[in-house]
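# Examination of the molecular architecture
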Amino acid sequence: MGVEGIGARVVRKEDKRFITGKGRYVDDIKLLGMTHAHFIRSPHAHARVKGIDSSAALKMPGVVAVLTGQQLVDDKVGNLICGWAITSKDGSPMKMGAWPAMAPETVRFVGQAVAVVIADSKNLARDAAEAVVVDYEELPAVADMHAAIKAGAPQLHPEAPGNQVYDWVIGDEGAVSAAFSKAANVVKLDVTNNRLAPNAMEPRAAIADYDAAEEHFTLYTTSQNPHVARLVLSAFYNIAPEHKLRVIAPDVGGGFGSKIFIYPEEMVALWASKKVGRPVKWTGDRTEAFLTDAHGRDHVTHAEMAFDASNKIIGLKVKTYANFGAYMSLFSSSVPTYLYATLLSGQYNIPAIHAEVIGVYTNTTPVDAYRGAGRPEASYLIERLMETAARQLKVDPAQLRRTNFITQFPHQTPVIMAYDTGDFNASLDAAMKAIDYAGFAARKAQAKSQGKLRGIGVSCYIEACGIAPSKAVGSLGAGVGLWESAEVRVNPVGTIEILTGSHSHGQGHETTFCQLVADRLGVPISQVSIVHGDTDKVQFGMGTYGSRSAAVGLTAILKAMEKVESKARKIAAHALEASEADIVIENGEFKVTGTDKAIAFPMVALAAYTAHNLPDGMEPGLKESAFYDPTNFTFPAGTYICELEVDAGTGKTSFVNFVAADDFGRLINPMIVEGQVHGGLVQGIGQALLEHAIYDANGQPVTASFMDYAMPRADDVPSFNLSHTTTLCPGNPLGIKGCGEAGAIGASAAVINAITDAIGKNNLEMPATPDRVWRTINAA
Amino acid sequence: MYQTTYHRASSVDEAASLFGKSSEAKFLAGGQTLLPVMKQRLAGPSDVIDLGKIKDMIGVEASGDTLTIKAATPHYDVATSDTAKKAIPALAYLASLIGDPAVRYRGTIGGSIANNDPAADYPAALLALDATVKTNKRSIAAGDFFKGLFTTALEDGEIITAVSFPVPAKAGYAKMRHPASRFALTAVFVAQTKSGEIRVAATGASQSGVMRVGAIEAALKANWSPSALDSISIPASGLLADIHGTAEYRANLVKVMAQRAVAAAG
Ligand SMILES: Cc1cc2nc3c(=O)[nH]c(=O)nc-3n(C[C@H](O)[C@H](O)[C@H](O)COP(=O)(O)OP(=O)(O)OC[C@H]3O[C@@H](n4cnc5c(N)ncnc54)[C@H](O)[C@@H]3O)c2cc1C
């Protein structure tokens with residue numbers, strides 16, 4: 001491995017610029033003649049736009065233009081798309097309402113843009129926006145999912161009667177009924193998976209620059225997948241063909257899924273820059289982030305699990321209502337279906353599963369993938385069910401899980417996924433040992449003697465990552481393939497540039513991806529640079545989400561590296577007058593095995609480019625590319641156990657210990673992996689204890705600032721105790737499973753299981769705020 | 001933010017006269033309330049007069065039985081002041097619980113009480129300790145100063161210069177933090193004056209701002225101990241209710257925080 005190779009705790013290369021304030025984010029970029037956009041957004045959750053009077057605004061200083069939704073229609077700019085087609089159980093396609101980038105006729109959530117002011121400065125644009133008069137006719141709104149599907153509810157889209165997007169099913173209903181009819185015990189649970197606002201540290205931003213001479217656009221944007229952005233912007237919105245549109249995602253300050261999607265603002269900025277003939281910049285503020293960044297989660301579920309007399313699970317049925325908000329965002333349709341219901345088997349052998357998912361429109365911000373995307377909802381449901389079952393069946397919760405673990409691999413679940421490998425007992429054992437599970441009863445008694453309510457909660461999660469095999473997702477309705485690309489460019493002096501279709505917005509690719517090269521060639525990582533985030537520099541790629549960058553993106557780099565090495569070996573063999581089969585690569589040198597003959601890698605590179613002495617017929621140069629399409633998902637899994645105390649007087653939770661035992665397959669950089677787990681756990685704990693995006697009955701957001709929306713802070717979370725158990729992923733050569741989302745997927749259930757254990761009552765919704773816990777303790 | 005003109009006053013008199021000369025002026029201290037409101041364009045003062053650099057308005061002093069905190073003293077200075085910690089440790093402790101470090105380095109006692117947020121910390125201390133608010137015009141007893149939500153006895157252009165606190169025999173503060181804002185979801189300050197009077201004030205609880213809690217004062221007068229409050233029940237009517245706490249929950253917190261404040265006071 002070497003000091004900088006795979007498995008080394010290498011300090012992040014990118015941190016120097018980040019911690020010295022030298023990162024380059026979209027808002028840091030200033031172009032000559034740049035104008036500033038300010039969007040005029042609906043204060044109503046549902047209203048008809050009867051007219052927009054911008055005459056006064058247009059006379060104000062510095063105002064360049066006021067553009068409206070009607071002008072978008074006139075210019076034939078396309079509506080936003082949803083890229084995953086889902087089919088309802090009756091065979092009908094999902095019902096999508098049109099989503100124009102600015103509403104010409106009807107607004108359907110608070111914050112939806114109706115017009116944009118373009119001015120010489122941000123402040124002038126805001127001043128002028130206050131002078132634009134929008135005449136709204138308010139319509140009845142509905143924010144609650146159950147209210148939305150009732151007869152007589154306000155209707156959002158004519159295309160979707162009853163506000164229903166789809167009614168989708170998976171699994172074998174007959175097999176499930178048969179299982180339930182012979183069950184010894186049935187456990188039932190209703191759970192709500194609370195809506196979250198992602199809140200990346202950097203708000204979304206875009207700068208669009210139209211070059212009239214070349215009829216070419218450049219878009220700087222906060223994107224997790226600039227190529228996908230370019231594809232969608234050109235293929236569907238009629239703004240520019242792909243070769244006339246360059247998308248650059250420079251440093252991006254966090255995404256968590258919310259920056260996967262193509263939003264109205266970047267489309268409007270592009271279109272407006274051509275209209276006004278000057279670059280247009282938009283930087284969202286925190287309020288706009290709360291109102292318009294796609295939210296996450298928001299499920300309401302009823303589930304029943306059937307057990308036989310030996311406490312083995314024999315069947316599971318699930319009915320979930322998923323709130324999509326007012327419009328179908330880019331990947332939204334896949335989240336509560338193929339990313340959720342396909343993981344309902346958890347870590348358990350469940351012979352029969354049936355799930356029904358009903359997608360619902362409401363007058364709220366659109367909901368889409370957010371760290372974990374569907375998998376946290378599945379894991380939370382299953383792990384709450386297992387804990388509930390253990391309480392009902394009066395067995396130890398860890399033991400009940402063990403009784404039902406899948407132990408033979410590969411394992412085909414009844415809900416599409418085929419788990420390739422894992423050792424669920426190993427991670428459960430590691431976590432139980434780390435928290436001294438056996439000693440818990442004594443600690444609980446001790447706490448009780450001091451008037452404290454102590455609880456312990458287990459969560460054994462599994463997720464499907466490394467998304468995804470293109471053919472498989474294509475057959476399930478995906479509009480794109482989910483492979484990744486890489487190009488390895490060796491320079492004549494032997495330094496290396498890796499061009500990757502993955503995008504780093506906090507993940508540390510500039511370090512981990514170099515570690516692979518260091519590992520293989522023995523060159524220092526300072527000799528390697530990672531190029532990403534610019535469609536003009538990098539070949540087409542799919543971007544970063546779904547814990548795919550190492551499992552898929554790095555594997556693509558490996559494939560390209562293998563080609564480079566193969567050619568370099570030939571060059572070295574030729575130069576050393578040896579047989580290619582005898583060349584080994586060690587510490588940056590190509591050696592003839594068993595001799596002291598060697599040639600340093602930079603000399604091989606130079607030879608490739610001078611081309612003075614290459615093997616006959618060989619092309620000059622040393623540059624290779626690869627596209628890698630995974631053969632399966634990867635299946636990171638693990639056990640989280642949380643021990644905490646509840647203050648009965650206030651309902652406040654304090655952590656005593658939190659242990660995580662994860663199986664991520666091979667780790668490239670354990671320090672970065674730990675950082676990913678820490679962040680994920682904090683998000684999972686945030687969901688369990690603090691975060692909730694709330695609307696009132698009329699669709700007005702109640703939590704549109706940090707004064708009301710509780711983000712976890714450092715002192716809200718414990719110091720985590722992490723460990724790893726490893727089964728290598730057989731699906732990719734490096735054995736990587738991915739680690740980006742695990743924490744957010746597994747943590748919430750551990751916390752709620754522990755609180756409900758502490759207070760001795762099983763029914764408690766997230767977020768378990770002190771008020772809610774106190775009321776649950778004191779409920780009759 | 002709307003256009004505004006910034007002035008840095010070097011004395012209280014200069015600040016008062018600048019205020020008189022501008023059409024719609026606002027005093028600025030730590031800016032932790034005023035600036036966010038201006039950035040959201042919910043306030044657009046023509047002039048902003050900065051009090052934060054007036055030397056006479058900064059400092060913590062004790063003399064005899066009185067602790068004086070000058071109005072532009074940041075929360076951090078109070079929290080870490082040896083003088084404050086010695087005279088009224090509960091007050092220094094209260095200051096250490098306000099917001100987060102950034103807010104404590106900037107925000108001031110004068111700004112806090114002038115703003116009179118119904119969930120702010122200082123108002124509870126002023127009321128329970130029977131403090132006096134000193135302005136450039138007069139002295140106002142805490143009981144007369146706070147007039148309900150975001151309302152005080154201050155007249156237009158009047159400047160708070162200091163707050164003086166009689167040093168109590170015992171005092172304690174207990175706060176349940178609002179999970180998002182970190183203001184008081186409910187917090188209670190209890191004090192026993194040197195003459196034996198019991199004063200208890202709760203913040204974050206009532207719909208009409210900081211309040212004395214008579215039932216708790218009476219119970220503690222009879223028996224200064226947390227258990228004296230065991231059988232007390234605070235009515236939920238008139239209490240705040242929002243997504244972070246129902247009125248019933250806040251009623252419970254008034255009692256529980258009072259018990260913990262008494263325990264802390266010793
Ligand atoms: C994130 C956050 C968390 C917070 N958490 C808490 C908390 O937990 N507890 C808490 O109590 N507070 C909290 N605050 C508020 C904080 O304490 C502020 O310091 C306080 O509200 C205002 O003080 P300031 O000095 O910043 O005043 P400014 O914002 O400068 O002014 C506020 C108002 O007071 C007026 N004013 C200021 N000084 C004087 C004076 N000397 N005479 C007359 N009028 C004056 C101003 O004109 C203005 O109207 C929080 C604030 C933030 C931003």
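Structure report, in brief. Note that the structure is predicted; figures quoted are calculated from it, not measured. (Residues numbered from 1 in each chain as written. Chains lettered and ligands numbered in written order. Predicted model: local features only at pLDDT ≥ 70, side-chain atom pairs only at ≥ 80, totals over all residues. Heavy atoms only, no water.)

If you look at the interface, chain A gives 25 residues, while chain B gives 24 residues. Interface of chain A and chain B: buried area, both sides summed, is about 2,000 Å²; carbon and sulfur atoms make up 50% of it. Together, Met707, Arg713 and Asp771 of chain A form the three largest contributors to the area buried by chain A at its contact with chain B, with a combined 24%. At the surface where chain A touches chain B, the tally comes to six salt bridges. Across the salt bridge formed by arginine 41 of chain B and glutamate 130 of chain A, the nearest N and O atoms sit 3.1 Å from each other. Here chain A is connected to chain B by 15 residue pairs in polar contact (both at pLDDT 80 or more). Listing elements by their share of the side of chain A that touches chain B, those giving two or more residues are helix 4 (122-131) and helix 20 (770-778) of chain A. (Contact = heavy atoms within 4.5 Å. Buried area = accessible area lost by both parts, 1.4 Å probe. Salt bridge = Lys/Arg side-chain N within 4 Å of Asp/Glu carboxyl O. Polar contact = N/O pair within 3.5 Å; in protein donor to acceptor, adjacent residues only side chain to side chain. Helix = DSSP H or I, 4+ residues; strand = E, 2+ residues; numbered from the N terminus.)

Residues and elements named next belong to chain B. With respect to the element layout, lysine 221 can be found in helix 10 (residues 214-222). It is 47 Å that separates the C-alpha atoms of lysine 221 and glutamate 24, two residues lying 197 residues apart in sequence. Every residue in contact with lysine 221, bar those within four places of it in the chain, is listed here: Gly196 and Ile198. From its side chain, lysine 221 meets the backbone oxygen of glycine 196 in a polar contact 3.4 Å long.

Residues and elements named next belong to chain B. The residue serine 22 is located in the loop between helix 1 (12-21) and strand 2 (25-28) in this model. For serine 22, a relative accessible area of 15% gives the class buried. Within the structure, the side chain of serine 22 is placed 2.9 Å from the backbone oxygen of leucine 18, a separation counted as a polar contact. (Buried < 20%, exposed > 50% of the residue type's maximum accessible area, 1.4 Å probe, protein only.)

Residues and elements named next belong to chain B. For the ligand, the set of nearby residues contains 31 residues, the closest of which are Phe27, Thr33, Thr108, Asp121 and Arg182. Between an oxygen atom of the ligand and a main-chain N or O atom of glutamine 32, the distance comes to 2.7 Å. A distance of 2.9 Å is found between an oxygen atom of the ligand and a side-chain nitrogen or oxygen belonging to histidine 75. The protein chains hide 92% of the 960 Å² of surface that the ligand would expose on its own. Counting residues per element, the ones that place at least two in the shell around the ligand are strand 2 and helix 7 (109-115). Counting residues per element, the shell around the ligand draws most heavily on helix 7, at four residues. Of the residues in the shell around the ligand, the class split is 14 nonpolar, 12 polar and five charged. (Near = heavy atom within 4 Å. Areas by Shrake-Rupley, 256 points an atom, 1.4 Å probe, with all protein chains shown as cover. Nonpolar A, V, L, I, M, F, W, Y, C, P; charged D, E, K, R; others polar.)

The next subject is the packing of aromatic side chains. The geometry of two aromatic rings is summed up by the distance between their centres and the angle between their planes. Residue and element names in this part refer to chain A. Under the defined criterion, the tally for this structure stands at 27 aromatic pairs over all chains. Ring centres of tyrosine 348 and phenylalanine 405 lie 5.9 Å apart, and the angle between their planes is 5 degrees; this geometry places the pair in the stacked category. Of this pair, tyrosine 348 sits in the loop between strand 14 (313-325) and strand 15 (353-361) while phenylalanine 405 sits in the loop between helix 11 (397-404) and strand 16 (411-412), and the two are 57 residues apart along the sequence. Relative to phenylalanine 635, the ring of tyrosine 419 lies with its centre 5.0 Å away and its plane at 55 degrees, an arrangement referred to as tilted. Here the residue tyrosine 419 occupies a position in strand 17 (residues 418-419), and phenylalanine 635 occupies one in the loop between strand 25 (623-628) and strand 26 (637-647), the gap between them amounting to 216 residues. Neither residue differs from the other here; tyrosine 419 and phenylalanine 635 are each classed as buried. In textbook terms, an aromatic cluster arises when at least three aromatic residues are bridged by ring pairs, as seen for Tyr461, Tyr640, Phe655, Phe658 and Phe720. Positioned above the aromatic ring of tyrosine 263 is the side chain of arginine 204, whose terminal nitrogen or guanidinium carbon lies 3.6 Å from the ring centre. Directly above the aromatic system of phenylalanine 180 lies the positively charged group of lysine 317, at a separation of 4.4 Å from the ring centroid. (Phe/Tyr/Trp six-rings, centres within 6.5 Å; stacked < 30°, edge-to-face > 60°. Lys NZ or Arg CZ within 6 Å of the ring centre and 35° of its normal.)

So yeah, pure geometry; function would need other evidence.
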